[in-house]
Amino acid sequence: MHAMTMEGLVGARMNVNLIDTPMRVYNEAKRKGDTAKMERAMGYVNEFQNKAEEYQVKADKGMEEDAKEAKEKAELEREKVIKKRREECEKFENTDSDSSTASETADASKLEPVIYTKTGETDKNQSESSVSISVSI
């Protein structure tokens, strides 16, 4: 939280709390009918209220600055992520895996089919013999 925001919030809250005392004096003077005391008390109420409004403006400015800083920070973070992804894409595109994969595919197409046994070994006898299937109906 920005220091200006904190100062504004604390100052506004303190002045709002300070309004209670002159309001209590005002109400007591009103019951007694002492208009001079009522006017002095209302003067203090207005003074504290004006200070509270000034602090509220300060808090609003601080929150705007907080939002601006957060937005800038998010933008920098986003740019870092984009840069990192571009570097990863370039690194991936420049690897030799593409050319080796293509040559492996070409080599694999030249190989003869292989039959495996239950143990996972190649069965050379079956791969060399020709297979014929006869169907009778």
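Because the structure is predicted, anything quoted here is derived from the model rather than measured.

1. A look at the overall build of the protein chain
Here comes step 1: Within the protein chain, the regular secondary structure consists of five helices and zero strands.
Here comes step 2: Taken from the N to the C terminus, the helices and strands of the protein chain come in the order α-α-α-α-α.
Here comes step 3: Every one of the 137 residues in the protein chain was classed for burial, and the buried ones make up 13%.
Here comes step 4: Expressed as a percentage of contacts within the protein chain between residues at least 6 apart in sequence, the contacts between residues at least 24 apart total 60%.
Here comes step 5: Within the structure as shown, the protein chain displays about 11900 Å² of accessible surface, and the carbon and sulfur contribution to it stands at 54%.

2. Considerations on helix α1 (residues 3-18)
Here comes step 1: Taking 1.5 Å per residue, 16 residues should reach 22 Å; α1 reaches 22 Å between its end C-alpha atoms and fits that length.
Here comes step 2: Listing the buried residues of α1 in full gives Thr5, Gly8, Gly11, Ala12 and Asn15. Within α1, the buried residues cover an arc of 140° as seen down the axis, which keeps them to one side. The exposed residues of α1 that point more than 90 degrees off its buried face are Ala3 and Arg13.
Here comes step 3: For α1, the elements touching its buried residues are α3 (35-93).

3. Remarks on the environment of Ala12
Here comes step 1: Along the chain, Ala12 turns up in helix α1.
Here comes step 2: Judged by relative accessible area, Ala12 falls into the buried class, the value being 8%.
Here comes step 3: For the pair Ala12 and Tyr55, spaced 43 residues apart in the sequence, the C-alpha separation amounts to 5.0 Å.
Here comes step 4: Discounting chain neighbours no more than four positions away, the residues touching Ala12 are Ala52, Tyr55 and Gln56.

4. Description of the environment of Gly43
Here comes step 1: Examined against the element boundaries, Gly43 turns out to sit in helix α3.
Here comes step 2: Along the chain, Gly43 and Tyr26 lie 17 residues apart, while their C-alpha atoms are 9.9 Å from each other.

5. Notes on the packing of helix α2 (residues 20-32) against α3
Two numbers describe a pair of packed helices, the interaxial angle and the distance between the axes.
Here comes step 1: At a minimum axis distance of 8 Å, the contact between α2 and α3 shows a crossing angle of 160°. Between α2 and α3, the crossing angle belongs to the class labelled roughly antiparallel. The crossing of α2 and α3 is left-handed. Contacts between α2 and α3 pair Pro22, Met23, Val25, Tyr26, Glu28, Ala29 and Lys30 from the former with Lys37, Met38, Ala41, Met42, Tyr44, Val45 and Phe48 from the latter.

6. So, the pattern of salt bridges
Here comes step 1: Inspection of the entire model under this criterion finds four salt bridges.
Here comes step 2: Two residues, Glu28 and Lys32, come together in a salt bridge whose shortest N-O distance is 3.5 Å. Taken together, the residues span about one helical turn, with Glu28 and Lys32 both in helix α2 at a distance of four residues.
Here comes step 3: Put simply, Lys51 and Glu47 hold a salt bridge, and the shortest N to O gap is 3.8 Å. With Lys51 and Glu47 both in helix α3, this residue pair falls four residues apart, about one helical turn.
Here comes step 4: What makes Glu47 partly exposed here is its relative accessible area of 36%.

Parameters and conventions
Every chain is numbered on its own, with residues counted from 1 as its sequence reads. Since the coordinates come from a predicted model, pLDDT governs what is reported: local features require at least 70, and pairs of side-chain atoms require 80 or more to be given and counted, while whole-chain, interface and lining totals use all residues. The side-chain values count all of the structure's non-hydrogen atoms but skip hydrogen atoms and water molecules. The secondary structure listing takes helices from DSSP runs of H or I that are at least 4 residues long and strands from runs of E that are at least 2 residues long, numbered from the N terminus. Only protein chains enter the accessibility calculation, which uses a 1.4 Å probe; a residue is then buried when its area is under 20% of its type maximum, exposed when over 50%, and partly exposed in between. A contact between two residues is defined here by any heavy atoms of the two lying within 4.5 Å. The Shrake-Rupley method, run with a 1.4 Å probe sphere, supplies the accessible areas, and residue values consider only the shown protein chains as cover. Between the first and last residue of a helix there are one fewer steps than residues, each counted as 1.5 Å, and that sum is the expected span. The arc in question is formed by the directions pointing from the helix axis toward the C-beta atoms. In this description, a line fitted to the C-alpha atoms serves as the axis of each element, helices being fitted only across the stretch in contact, and the angle between N-to-C directions of two axes falls anywhere from 0 to 180 degrees. Here roughly perpendicular refers to angles of 65 to 115 degrees, roughly parallel to angles under 35, roughly antiparallel to angles over 145, and oblique to all remaining angles. Working rule for handedness: look at the near helix, and if it is turned counterclockwise from the far one by less than a right angle, call the crossing left-handed; if clockwise, right-handed. We count a salt bridge whenever a side-chain nitrogen from Lys or Arg sits within 4 Å of a carboxyl oxygen from Asp or Glu.

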